[in-house]
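An overview of the molecular structure
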There are 4 protein chains.
Amino acid sequence: MAGSIFGRQFCVSTWGESHGKGIGVVIDGCPAGLSLCEEDIQRYLDRRKPGQSRYSTPRKEADQVEILSGVFEGRTTGTPISLLVANTSQRSGDYQEIASYYRPGHADYTFDQKYGFRDYRGGGRSSGRETIGRVAAGAVALKILGELGVAFRTYTRSIGPICIDLDRFSWEEVWNNPLYMPDAQAAFQAQEYLQQCIQEQNSAGGVIECVISQVPVGLGDPCFEKLEANLAKAILSMGAVRGFEIGDGFAVAHSTGAENNDPFYMGEKGQVQKASNHAGGTLGGISDGSPLVFRAAVKPTPSISREQETVTREGENIKVQVKGRHDPIIVPRAVVVVEAMAALVLVDALFSGMTARMDYLKRIWGPTGPVA
Amino acid sequence: MAGSIFGRQFCVSTWGESHGKGIGVVIDGCPAGLSLCEEDIQRYLDRRKPGQSRYSTPRKEADQVEILSGVFEGRTTGTPISLLVANTSQRSGDYQEIASYYRPGHADYTFDQKYGFRDYRGGGRSSGRETIGRVAAGAVALKILGELGVAFRTYTRSIGPICIDLDRFSWEEVWNNPLYMPDAQAAFQAQEYLQQCIQEQNSAGGVIECVISQVPVGLGDPCFEKLEANLAKAILSMGAVRGFEIGDGFAVAHSTGAENNDPFYMGEKGQVQKASNHAGGTLGGISDGSPLVFRAAVKPTPSISREQETVTREGENIKVQVKGRHDPIIVPRAVVVVEAMAALVLVDALFSGMTARMDYLKRIWGPTGPVA
Amino acid sequence: MAGSIFGRQFCVSTWGESHGKGIGVVIDGCPAGLSLCEEDIQRYLDRRKPGQSRYSTPRKEADQVEILSGVFEGRTTGTPISLLVANTSQRSGDYQEIASYYRPGHADYTFDQKYGFRDYRGGGRSSGRETIGRVAAGAVALKILGELGVAFRTYTRSIGPICIDLDRFSWEEVWNNPLYMPDAQAAFQAQEYLQQCIQEQNSAGGVIECVISQVPVGLGDPCFEKLEANLAKAILSMGAVRGFEIGDGFAVAHSTGAENNDPFYMGEKGQVQKASNHAGGTLGGISDGSPLVFRAAVKPTPSISREQETVTREGENIKVQVKGRHDPIIVPRAVVVVEAMAALVLVDALFSGMTARMDYLKRIWGPTGPVA
Amino acid sequence: MAGSIFGRQFCVSTWGESHGKGIGVVIDGCPAGLSLCEEDIQRYLDRRKPGQSRYSTPRKEADQVEILSGVFEGRTTGTPISLLVANTSQRSGDYQEIASYYRPGHADYTFDQKYGFRDYRGGGRSSGRETIGRVAAGAVALKILGELGVAFRTYTRSIGPICIDLDRFSWEEVWNNPLYMPDAQAAFQAQEYLQQCIQEQNSAGGVIECVISQVPVGLGDPCFEKLEANLAKAILSMGAVRGFEIGDGFAVAHSTGAENNDPFYMGEKGQVQKASNHAGGTLGGISDGSPLVFRAAVKPTPSISREQETVTREGENIKVQVKGRHDPIIVPRAVVVVEAMAALVLVDALFSGMTARMDYLKRIWGPTGPVA
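Report follows, based on the coordinates. (Residues numbered from 1 in each chain as written. Chains lettered and ligands numbered in written order. Predicted model: local features only at pLDDT ≥ 70, side-chain atom pairs only at ≥ 80, totals over all residues. Heavy atoms only, no water.)

When you go through chain A residue by residue, the secondary structure sums to eight helices and 20 strands. Over its C-alpha trace chain A gives a radius of gyration of 22 Å, about what one expects of a compact globule, namely 21 Å for 372 residues. Its C-alpha atoms put chain A at 70 × 50 × 40 Å along the principal axes. Every one of the 372 residues in chain A was classed for burial, and the buried ones make up 69%. Summing over all exposed atoms, chain A offers an accessible surface of approximately 11300 Å²; the carbon and sulfur share of this is 47%. (Helix = DSSP H or I, 4+ residues; strand = E, 2+ residues; numbered from the N terminus. Rg over C-alpha atoms; globule rule 2.2 N^0.38 Å. Buried < 20%, exposed > 50% of the residue type's maximum accessible area, 1.4 Å probe, protein only. Areas by Shrake-Rupley, 256 points an atom, 1.4 Å probe, with all protein chains shown as cover.)

Structure below.
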């Protein structure tokens, strides 16, 4: 069954493998009239592009996006937007060897079991390059959200044992270090830690945090389509993510109702506000006007040069050293993917919420056509 | 937009409010030929029924399920199964007062903002009673999975600061204490802790763990429909859950590739096995034959008798004491809901996986009809 | 896989069999704030209720609807609406005999092949009573459309060889004869024809026509979700329908471009209008502001008392006379089902169209919540 | 909302405009292990390619398909298949003029109303070139169906007043005339008729018929997902189709139950068979083992060179002669599109039917993985 389509109304259909002809995405359901050009998308793709620092694979890919359809004279037409990123640096020869065995921590074994065989070149569809389609589509979603005033801040919260200190938090700093950490001192320490990992032929994990402000009240549906439920799915659908939490997250297990409940009060402009945000921006699965705050736990890169134990396709126990161009850490390049996935969820929730009330219908539809 | 339908092939459509006529669910997509009776469902509903211990609301509800359609002579017919649980203990008068203000930690405010007004009786659709539909549908999913050998163990891992000790783990103990903890000593301590919460007009949170064994290899799809992504959505769609993790979960952020990768080796029966299970049973979003292990962080009951600050619908700051029949903790009654939601995800993944290979098609369809 | 859910945003999940406990439907996705009571639904159900005339089965069913959820203080809440019609006149004994053979023109054989067995009582899920769920849900859709000014006229166009004459068309006449024909003379002739069919232990077919006016321009999506495509699916999903056409329909095959193209001209109020309506109200799959006009071809009731040839489940050639309470014609009772199905399609298209333009989004969502 | 995605399990996402960079489709949900190469797809695309005869537009397009993903070493991998056909003959200058007015019979007006503006070059997304994505995806579906023995015969049944004579029916003849008519004499007469249309600057319509044999029993679901319902949607989603009928279709309206019911009898090999096929291959929405027989009514090409009345975008009544490269008839090129759409529906029904019975599940899933 289909597994590469995301979204109920803003539908994103991604395709492509690490060593195929390219990676792409079709967006079906983008409203007409959005100003859109390739540069709008490229700047997000550049944040995940390889070779930006010593902490990402040296594979050389321009990752240049091309808009193939759905935009006319600089604006979206309301019909499907097809985006293409050609692969230019496929050196399949590197991967011939791994065809014969199962890399620990990778999807080699499960793909073989599920499908009977696999495209073993660079992980095929399970490659990190698959996220290009997510980021390209997410960039369009972010453009829509930006027009409605929604603002994203996504960053590396921790790498291995090094966590940012909120007292030193500086949003601008995110753009000054290759790890996208909003704390210069933590970024420095994390780089030292990563150097050590590289020397030890090892890899590191970390936590990505996303804070979304100016989110309209009322996004998300009760029951199964809670906003945090769709965010959790979106984030856990990323290859290396093993945990998701919103607001206080796992800390709520140790909290009490008196601590965890956020009191309401009337703001100065006569708006209902919350005195705290333990909830992370949702109540009953619906956005409450506070910033959305969630975190993703990212595992260490499974590709390490160190010798590991595994088995061959023929069922022989062996020891292997996985060759290739590995990132010692996935976290920094995954930051923009988290942002993209969250944007896809929010746009879908925005669309869904358009029909929440009868009077919303009347704002759009008059008796003989759209209301002017 | 619709928010109360779950599943792509095994589709579950739940309905009902706390103080309406009842709660129910329609299951569309259940295969024909499954032996099914009301008792199969009732035994799961009984695990979430109120009034079982001093730690759950004293509201008296039989929560008796009735099968209205889809079963003929003891077997499912392949057509929709409609399940109904009548509400019998609605005392709406209790709730008249909360119509006028927004309870902290509840969905009162967001429902009002989203829909313009709300059914304020007992939380309406955002009541914990909504989970009856989930559990009833999950019971059918669990029956299907049971026929394929899949086995579930779901239990309370921690309550407030009290966590089970794996050295004392006893599955049978789960049925001996009202908290569904597989550790008698922890259960005793947790009950003392809850007594203290009750005395302080406070409430507690906790962590639920689910271990699913004998899961077929190959469940889940690459990209957006990863098995853990759908589990995360399912679990975060439960009202009080604020976090989800699979396998080592958030701990992976501190781990390294060398530690976190699970080595493969050949088992005695010639099967590929993993020497450890940091991954929690999936690789690349697809089940790997190891047990699925995941956890949910559950917040403290937001309904507490203690005085809290909030605002009225008219925008006045007030202090309130929320009356009503509250659980001091949600965790024990949520255990079976976690199990039910996981079962819905697994059945959907089983169905989805039926078309993964051309030769699977040929096992079902011959040239002129189903293969005998 | 699920087959009893209809609609992408206004999702309708029907259930129930002819001789089970009842028939029902869950509507997920109805906007909040719609005034709704049981009488709003009942008046549509009464149009398909059996026993209204000598041309429908004498089975006695009150077909009384009950709203179980989703309505509070007379208005929809935005959460699922569960509707129930209890079966009261199930005489299963009538049907014991047909368990053993396959009625020609019925789904007995295909159900057995698909599912391995079947609920043979009155056709089970393939009974005409299944349409109760459609009509109940359609009634809610019609209420929504009515608030936007959309108006339906659905009627019997022909029965057997008797077709209405447009020169004698009278909408009021529809309510004066049991056949829902808008032509008194044709209705008289059709009744004579039906009497003859009854005498001959035979049954008749016919054509239903639906004209929907005041349809907003812009409903339907290009490509697969064309308005007429969804109408066609909706109508062909009715048990006895074998054909669908919109506008000139099959007559276009004999027409020419010069005849078939509808010229545009400017109306008196400065609106674009069409000089003719060969298209039946859509261009490129999108409503054009002209009335939607479509027709459904309904087959003769397959249940006839006359002797027929068939086979038993054990594979023996036999001759049978199907007993039971049969309608000599399905058409009159199907008129309201056609209307209900069309309404479901239109509401879904209305919802879908809410996100067609960026400026529609801005009408609903301001920077910090729904625009007041 | 998304309108260019078709199918529930075999999901097809098409994109592209007449004068954009290309046309394409992403197929998500194709089973792994299907042998597939570009030639498998190209031979279907060649049947709809322009410039094949004097009855299709002289626009020169190679319509060469390229497989961008999802195939490895000649077999499908189970991951998305991206197919691309580049546009090579876009002469946008031709269309500058039609930007200013609404062509009768086209979607110009409705696109402007729905989206606020339109890509006017060659109809943009509403161009007949949109069907390239359908045919490319359909070719993959046809390959799957071919492996299961399902066989298609799709042909032109009538053009204007010229209908094939069943006594002269010859399947081979379909490949001998440019109209895909299985009757040489009718094809000759139809060509004379079309010559006359061309001379009169007019265009013609017709009927396409599709007969699918060796269809497994049991495809299609009761209620909304009836096989004929999905066929109807698929066929009506084609731009120029105005009617759909299955089996006897609209003729059932004049028939009687005694005539229309197909008697069952036991075939020589002990199989249940039908003595006639008025039903066209389905009973209760489920395939019955007889050939599927359905027809589509195709309207005359709306683009005609003759002068027509219309209005400008500014609301002025004008007379226009639409320039460009028009087909005098759409029917012959639409034959393969009908076949492709039907194949998409059948594959989806095949997939859906895999979970109809509990014992089908057990054929695929053993306790610890797929059954070998």
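Having seen it, we continue.
Time to look at the relation of the copies chain C and chain D. Mapping chain C onto chain D calls for a screw motion: a turn of 180° about the axis and a shift of 0.0 Å along it, with 0.0 Å RMSD after fitting. On the angle and the small slide along the axis, the relation comes out as a two-fold axis. Looking at chain C, 100% of its interface residues are interface residues in chain D too, so the copies touch through the same face. (Least-squares fit on C-alpha atoms with pLDDT ≥ 70 in both. Contact = heavy atoms within 4.5 Å.)

Between chain C and chain D, the contact holds 107 residues from the first and 107 residues from the second. Interface area for chain C against chain D, summed over the two sides, is near 8500 Å², with a carbon-plus-sulfur share of 61%. A salt bridge links Arg-242 of chain C to Glu-228 of chain D; the nearest nitrogen and oxygen atoms lie 2.9 Å apart. Between the two partners, chain C and chain D, sit 49 residue pairs in polar contact (both at pLDDT 80 or more). Per-element tally for the side of chain C that touches chain D: the top contributor is helix H2 (residues 108-115) of chain C, with seven residues. Residues that form the side of chain C that touches chain D fall into these classes: 47 nonpolar, 38 polar and 22 charged. (Buried area = accessible area lost by both parts, 1.4 Å probe. Salt bridge = Lys/Arg side-chain N within 4 Å of Asp/Glu carboxyl O. Polar contact = N/O pair within 3.5 Å; in protein donor to acceptor, adjacent residues only side chain to side chain. Nonpolar A, V, L, I, M, F, W, Y, C, P; charged D, E, K, R; others polar.)

Let us look at the pattern of salt bridges. Enumeration over the complete set of coordinates arrives at 108 salt bridges over all chains. A salt bridge links Arg-157 of chain B to Glu-209 of chain B; its shortest N-O distance comes to 3.1 Å. Of this pair, Arg-157 of chain B sits in strand E8 (residues 151-159) while Glu-209 of chain B sits in strand E10 (residues 206-213), placing them 52 residues apart in sequence. By relative accessible area, Arg-157 of chain B is classed as partly exposed at 24%. Counted as one network, the salt bridges with shared partners bring together Arg-8, Asp-221 and Glu-225 of chain A together with Lys-114 and Lys-233 of chain B.

Let's shift gears to helix H7 (residues 331-353) of chain A. If you check H7 of chain A, its first and last C-alpha atoms are 32 Å apart, about what 23 residues at 1.5 Å a residue would give, namely 33 Å. Of all 23 residues that make up H7 of chain A, 23 are buried, and the element is covered over most of its length. (Expected span 1.5 Å × (residues − 1).)

Evaluation of the coordinates by the stated rule reveals 50 aromatic pairs over all chains. Geometrically, the ring pair formed by Phe-111 of chain B and Tyr-115 of chain B is edge-to-face, given 5.6 Å between the ring centres and 65° between the ring planes. Of this pair, Phe-111 of chain B and Tyr-115 of chain B both sit in helix H2 (residues 108-115), four residues apart, roughly one helical turn. For the pair shown, Phe-111 of chain B and Tyr-115 of chain B are each scored as buried. Site record: aromatic cluster; members linked through ring pairs are Tyr-155, Phe-169, Trp-171, Trp-175 and Tyr-180 of chain A. Looking at Arg-75 of chain B, its charged tip hangs above the ring of Phe-117 of chain C, at a distance of 4.0 Å from the centre. (Phe/Tyr/Trp six-rings, centres within 6.5 Å; stacked < 30°, edge-to-face > 60°. Lys NZ or Arg CZ within 6 Å of the ring centre and 35° of its normal.)

We now examine the interface of chain A and chain B. Tallying the contact residues gives 107 residues for chain A and 107 residues for chain B. Linking chain A to chain B there are six salt bridges. Of the charged contacts in the structure, one is a salt bridge between Lys-233 of chain B and Glu-225 of chain A, with a shortest N-O distance of 3.0 Å. Linking chain A with chain B are 49 residue pairs in polar contact (both at pLDDT 80 or more). Take the side of chain A that touches chain B: its biggest share by element is seven residues, from helix H2 (residues 108-115) of chain A. Residues of the side of chain A that touches chain B, tallied by class, amount to 47 nonpolar, 38 polar and 22 charged. Summarising the sheet, strand E11 (residues 241-246) of chain A and strand E11 (residues 241-246) of chain B pair through three bridges and their orientation is antiparallel. Each bridged residue has a counterpart across the sheet, and for Glu-245 of chain A the counterpart in E11 of chain B is Gly-243 of chain B. (Pairing = 2+ DSSP bridges.)

This next bit is on the sheet that holds strand E1 (residues 5-6) of chain D. Residue and element names in this part refer to chain D. The five strands lie next to each other as E1-E2-E3-E7-E4, forming an open sheet whose pairing is antiparallel. Of all the strands in the sheet, just E1 and strand E4 (65-67) have a single pairing partner and so form its edges. Looking at chain direction, strand E2 (residues 11-16) and strand E3 (residues 22-28) are connected through six bridges and run antiparallel. From the neighbouring strand, Val-12 faces E3, where its bridge partner is Ile-27. The strands touched by helix H1 (residues 38-48) are E4 and strand E7 (81-86); relative to E4, the strand with the most contacts, the crossing angle is about 155°. Against the sheet, helix H3 (residues 131-147) engages E2, E3 and E7, with an angle of about 35° to E3. (Axes fitted to C-alpha atoms, helices over the stretch in contact; angles between N-to-C directions.)

What follows covers unusual backbone geometry. Residues other than glycine seldom take positive phi values, yet Glu-73 of chain B does so here, at roughly 50°. Inspection of the secondary structure assignment puts Glu-73 of chain B in the loop between strand E5 (71-72) and strand E6 (75-76). With relative accessibility at 61%, the residue Glu-73 of chain B sits in the exposed group. Even without a glycine there, the phi angle at Cys-223 of chain C is positive, about 70°. Look at Cys-223 of chain C and you get buried, because its relative accessible area is 3%.

What follows covers the environment of Ile-318 of chain C. Residue and element names in this part refer to chain C. The topology assignment puts Ile-318 in strand E18 (residues 317-320). Overall, the relative accessible area of 22% leaves Ile-318 in the partly exposed class. Note: C-alpha distance between Ile-318 and Gln-308 (10 residues apart in sequence) is 8.5 Å. Sequence-distant contacts of Ile-318, defined by excluding residues within four places in its chain, comprise Tyr-101, Gln-308, Glu-309, Thr-310, Val-311 and Thr-312.

It is worth spelling out the side chain of Lys-274 of chain B at this point. Structurally, the position occupied by Lys-274 of chain B is in strand E13 (residues 272-274). Since its relative accessible area comes to 12%, Lys-274 of chain B is described here as buried.

Mapped onto the elements of the fold, Pro-222 of chain A is located in the loop between strand E10 (206-213) and helix H5 (227-236). Here the alpha-carbon distance between Pro-222 of chain A and Ser-305 of chain A, two residues 83 residues apart in the chain, equals 47 Å. If sequence neighbours within four positions are ignored, Pro-222 of chain A has contacts with Gly-284 and Ile-286 of chain A, Gly-3, Phe-111, Tyr-115 and Arg-125 of chain B together with Thr-79 of chain C.

Let us now look at the side chain of Ser-158 of chain A. Residue and element names in this part refer to chain A. For Ser-158, the location among the structural elements is in strand E8 (residues 151-159). On the basis of relative accessible area, Ser-158 is assigned to the buried category, the value being 7%. Beyond its immediate chain neighbours, meaning those up to four positions away, Ser-158 contacts Cys-163, Met-181, Gly-205, Gly-206 and Val-207.

Before going further, it helps to examine the packing of helix H5 (residues 227-236) of chain D against helix H7 (residues 331-353) of chain D. Residue and element names in this part refer to chain D. The interhelical angle for the contact between H5 and H7, taken along N-to-C directions, is 145°, at an axis separation of 9 Å. Seen along the crossing, H5 lies across H7 with a hand that is right-handed. Here Leu-227, Asn-230, Leu-231, Ala-234 and Ile-235 of H5 come into contact with H7, specifically with Val-338, Met-341, Ala-342, Val-345, Leu-346 and Ala-349. Across the contact of H5 with H7, the residue classes break down as 10 nonpolar, one polar and no charged. (Left-handed = near helix turned anticlockwise from the far one by under 90°.)

Right, let's get into the sheet that holds strand E2 (residues 11-16) of chain B. Residues and elements named next belong to chain B. One open sheet accounts for five strands, arranged E1-E2-E3-E7-E4; its pairing is antiparallel. The sheet is open, and its two edges are formed by strand E1 (5-6) and strand E4 (65-67), each paired on a single side. In the sheet, E4 pairs with strand E7 (residues 81-86) via three bridges, with the strands oriented antiparallel. Residue Glu-66 lies in a different strand from E7, and its bridge partner there is Leu-84.

Our next topic: the environment of Ser-82 of chain C. Mapped onto the secondary structure, Ser-82 of chain C falls in strand E7 (residues 81-86). For Ser-82 of chain C, a relative accessible area of 2% gives the class buried. Taking C-alpha positions, Ser-82 of chain C is 20 Å from Glu-339 of chain C, a pair spaced 257 residues apart along the chain. If we skip the residues at most four places from it in the chain, Ser-82 of chain C touches Trp-15 of chain B together with Val-25, Val-26, Glu-66, Ile-67, Leu-68 and Ser-69 of chain C.

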